[in-house]
Each structure stands twice: as structure tokens, then as C-alpha cells.
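Read off the chains here:
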Amino acid sequence: MKAAIFYGAGDIRVEDRPVPEIGSEEVLVRIKAAGICGSDLHRYRSAPKQTEGRMFGHEYSGQVVEIGGKIQDVSVGDRVGIEPLVGCGKCNYCLSGMYHLCSHLWHIPSFMEYQKFPRNKVFKLPDHISYEEASTLDCIAVAVHALNLSSLKGGETALVLGAGTIGLLTMQTAKAFGAGAVYETGTHDFQVRLAKELGADAVVNIKTENLLEKMKELTGKERARYFELEAPRGVDHVFEAVGGPKSPLEDALSVVRRGGTITAIGSPRNPVNLSSFVMREVRLIGSSSYAYSKSEPEFRIALNLLSAGKINAKELVTHTFPLDKIKYAFDVAADKEKWNSVKVIIRP
Ligand SMILES: [Zn+2]
Ligand SMILES: [Zn+2]
């Protein structure tokens, strides 16, 4: 079969690999759609040494072509969404259903024609969900997990920083969870348009607009006793979905209300002054991947939201490419401004 192998920064080659052999509790899936994630792009650009000769990707869907001898509730021909996360299965985190925090957590890679998965990682898809839409389930589950951690209550207001795939899905998931007004920031015009189209109550283009001024308009303003300056009253919840060296985590502290929450989904890599976070009793929450909410897989909750039409994933898929064009696909995903790309999908 064909599989994409990474050799270094900007160096991906499609090579021949054997089709994986399944065990009795595994299924073999013909991968039909596999999305390029921001974390794949990060490795594509920076190429850490340990990624040489490895396969990437973890957002996928496909069709079951073979099942292990002990499996009875999945059939050959089933269309499935696939959860990529696998823990060690033995540590305290794994045993208590928090396998996303396992120190041996890994993603089963996807940029290839066939892949094998444990039975409990595949979820049957209803007919009305396309393979492309289903390949975003991993991203929707990330949003579901962030919302669960934030403890957002019905009617509360939220601001999502960032209008990439995760930002746009978090905005929609916040609405599905019953948020009142949900605002969003974007850096490119096409992101702003898309965020509005997908239901954001207001979108701030941080390239051309001032976030603080805009939040004063949207949430009202107040003046503290000893301060000259007026500040926005702020939203109940901020979700940070940008990450990297330009993460707006500090902005988040100026636009969240006192006692509000900031849930960081991106990986901020810049220094942040957290002084106002203590005085204002802001709760800062880190959110990584997903696992269970109570005893329900968050991946299943994501599938239910998508299936019920509460999440529009179709509009996020801006480009699709065959596996042979994977290098080109990565370049399109990497330059959002040039290509107006949001989610770029490989069809192996
Ligand atoms: Zn991802
Ligand atoms: Zn573990």
C-alpha cells in the first residue's frame, strides 16, 4: 500500500509499505479521508529529529475491510469515524478513563491507504455524514472536551480566540452547549466571513480592529475605583485556540470577566504576565485532546453533535488532495493567507 513518510522539514515521500496485519480484536480500515492538523504542520515545518522516517496524521475516517476473529459488532463494509488516541492501558490515568493524560499517549497515524485500529476506536457513521466531515470528529471532540472542562452554563457568554478549525468548531460547540452570545477573533478576512457564516454573534478581525475596544462595545464597559481607564466588562468564558509564539493568552485576561474562565486549547509558547489572573480570580484551564465525559466517550458526543446537524464541518473543508499530492497539500495548509485554507484533507 501507499503511505506518506516524513524525512525532515518539508520532506514527505510517498512510499510502499505492507498492509498492517490485524489481531483478533482489531479492524482493518481503508482510510478514505485524513485531515492535516496544526500539530502535523508544526512537525512538517520544524521536523524534530525523532519524527524522521515516521508517519503522521490522526484525523481520519474510512471503511472497514477486515475484522478480527473476536469482533461481532462491526462488519466489513461499515463506514466509520476513528478515534486516534491510544494510551498504555495500564497506568492510573488509563484505568480511570483519563487516558488522554497517559505519559505514553500516542496517535495511530493516518496518511496511508490502510490502517488497523482496536475495536473500541471505531464508531459507525450514519449515512448522511460524509468521510470528509467525519475526519473532523477528532477536532470536534477536542472542542467538546474544552467545553466540558470550562463548565460553561446555558446562557453564558464566550469569546473564542482564533478562527482555524479548532476555533471555529469550539465556537459552534459552545453554541450547541447552550452558550448565549459567542464571539470570535480571526486574522484573515476569509476566517472572519466563515465564522459569521457558521453562527458567531460577532467576529473581531484582530488585524484591523482593536479587541479591547470591540469587547467594550459587545459586553459593556466599567471603570475600577482607582483607575482612569475604562475596561470591558468581559465575557464569562474565553477559549484560546491559537497557540504558538503569538498566543493571545494575555489578551484573554483583559477580556474575561472577574471570576470567569480561560480555557487554553492551543499551546501558548510565549511568556505571559499572569498578575491580573490572581486579583481577578480567573480560572485558567489547560485542555488537551479528549477522553470521557462521565462515562461517555467525548468522541461519541462529537459524533452525535455532527449527526444532529449542530456542528457544520462541511464548510471547514476547503481543500482535498490525493495521497500523491501530500507535499503540495501541506504547503496549502501551511499558507492560510495565500490559499484561504482551513481544513485540508488527504484522500488516500
Ligand atoms: Zn489534531
Ligand atoms: Zn496509560
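Residues numbered from 1 in each chain as written. Chains lettered and ligands numbered in written order. Predicted model: local features only at pLDDT ≥ 70, side-chain atom pairs only at ≥ 80, totals over all residues.

Describing the overall build of the chain
Part 1 of the reasoning: Summing up its helical and strand segments, the chain has 12 helices and 21 strands in all.
Part 2 of the reasoning: For a compact globule of 348 residues, the expected C-alpha radius of gyration is about 20 Å, and the chain comes in at 21 Å, within 12% of that figure.
Part 3 of the reasoning: Here the chain holds 348 residues, and the buried ones make up 45% of them.
Part 4 of the reasoning: Taking the intrachain contacts of the chain between residues at least 6 apart in sequence as the baseline, contacts between residues at least 24 apart amount to 66%. (Helix = DSSP H or I, 4+ residues; strand = E, 2+ residues; numbered from the N terminus. Rg over C-alpha atoms; globule rule 2.2 N^0.38 Å. Buried ≥ 20, exposed ≤ 12 C-beta atoms within 10 Å, placed from the backbone. Contact = placed C-beta atoms within 7 Å.)

Re the nonpolar core
Part 1 of the reasoning: In terms of nonpolar packing, the biggest core is built from 98 residues, with Ile140 and Ala302 touching the most fellow members.
Part 2 of the reasoning: The element contributing the most residues to this core is helix H4 (residues 137-150), with 9 residues.
Part 3 of the reasoning: There are two domains that each give this core at least three residues, and those are domain 1 (2-136 + 313-347) and domain 2 (140-286).
Part 4 of the reasoning: For Ala302, the residues in contact, after removing those within four places along its chain, are Leu137, Ile140, Ala141 and Val144. (Core = buried A, V, L, I, M, F, W, Y, C linked by C-beta atoms within 7 Å. Domains from an automatic or database assignment.)

Here's the deal with the packing of H4 against helix H10 (residues 298-307)
Part 1 of the reasoning: Relative to each other, H4 and H10 sit at 110°, their axes nearing to 8 Å. Taken as axis vectors, H4 and H10 run roughly perpendicular relative to one another. Contacts from Leu137, Ile140, Ala141, Val144, His145 and Asn148 of H4 reach H10 at Glu298, Phe299, Ile301, Ala302, Leu303, Leu305 and Leu306.
Part 2 of the reasoning: Its residues assigned to classes, the contact of H4 with H10 shows 10 nonpolar, 2 polar and 1 charged. (Axes fitted to C-alpha atoms, helices over the stretch in contact; angles between N-to-C directions. Parallel < 35°, antiparallel > 145°, perpendicular 65-115°, else oblique. Nonpolar A, V, L, I, M, F, W, Y, C, P; charged D, E, K, R; others polar.)

So, the packing of helix H1 (residues 38-46) against helix H11 (residues 326-334)
Part 1 of the reasoning: At a closest axis distance of 10 Å, the pairing of H1 and H11 adopts a crossing angle of 105°. One way to sum up the angle between H1 and H11 is to call them roughly perpendicular. For the pair H1 and H11, the contacting residues are Leu41, Tyr44 and Arg45 in the first and Phe330, Ala333 and Ala334 in the second.
Part 2 of the reasoning: Classifying every residue of the contact of H1 with H11 gives 5 nonpolar, no polar and 1 charged.

Overview of the environment of Ala3
Part 1 of the reasoning: Take Ala3: it is sitting in strand E1 (residues 2-8).
Part 2 of the reasoning: Discounting residues that sit within four places of it in the chain, Ala3 has contacts with Glu15, Arg17, Met55, Phe111 and Met112.

Considerations on the pairing of strand E5 (residues 79-82)
A regular strand places its side chains so that they alternate between the two faces of the sheet.
Part 1 of the reasoning: Inspection of the sheet shows strand E4 (residues 59-67) paired to E5 by 4 bridges, in the antiparallel sense. Residue Gly62 lies in a different strand from E5, and its bridge partner there is Val80.
Part 2 of the reasoning: Pairing of E5 with strand E9 (residues 122-124), which is carried by 3 bridges, proceeds in the antiparallel orientation. Within the sheet, the bridge partner assigned to Val80 lies in E9 and is Lys124. (Pairing = 2+ DSSP bridges.)

Some thoughts on the sheet that holds strand E15 (residues 235-240)
Part 1 of the reasoning: Reading across the sheet, the 6 strands line up as E12-E11-E10-E15-E16-E17 and stay open at both edges, with parallel pairing between neighbours. A strand with exactly one partner marks an edge of an open sheet, and here the two such strands are strand E12 (202-205) and strand E17 (283-286). Across the sheet, the mean angle from the axis of one strand to that of its neighbour is 20°, orientation sign disregarded.
Part 2 of the reasoning: In terms of strand pairing, E15 meets strand E16 (residues 256-264) through 5 bridges, oriented parallel. By the bridge assignment, Phe239 is partnered in E16 with Thr263.

Here's the deal with helix H6 (residues 189-197)
Part 1 of the reasoning: Along H6, the residues that are buried comprise Gln191, Val192, Leu194 and Ala195. In an axial view of H6, the angular spread of the buried residues amounts to 165°, which keeps them on one side of the axis.
Part 2 of the reasoning: Tucked into the core, H6 has its buried residues touching helix H5 (165-176), strand E11 (182-186) and E12.
Part 3 of the reasoning: Gly199 lies just past H6 and shows a positive phi near 110°. (Arc of directions from axis to C-beta.)

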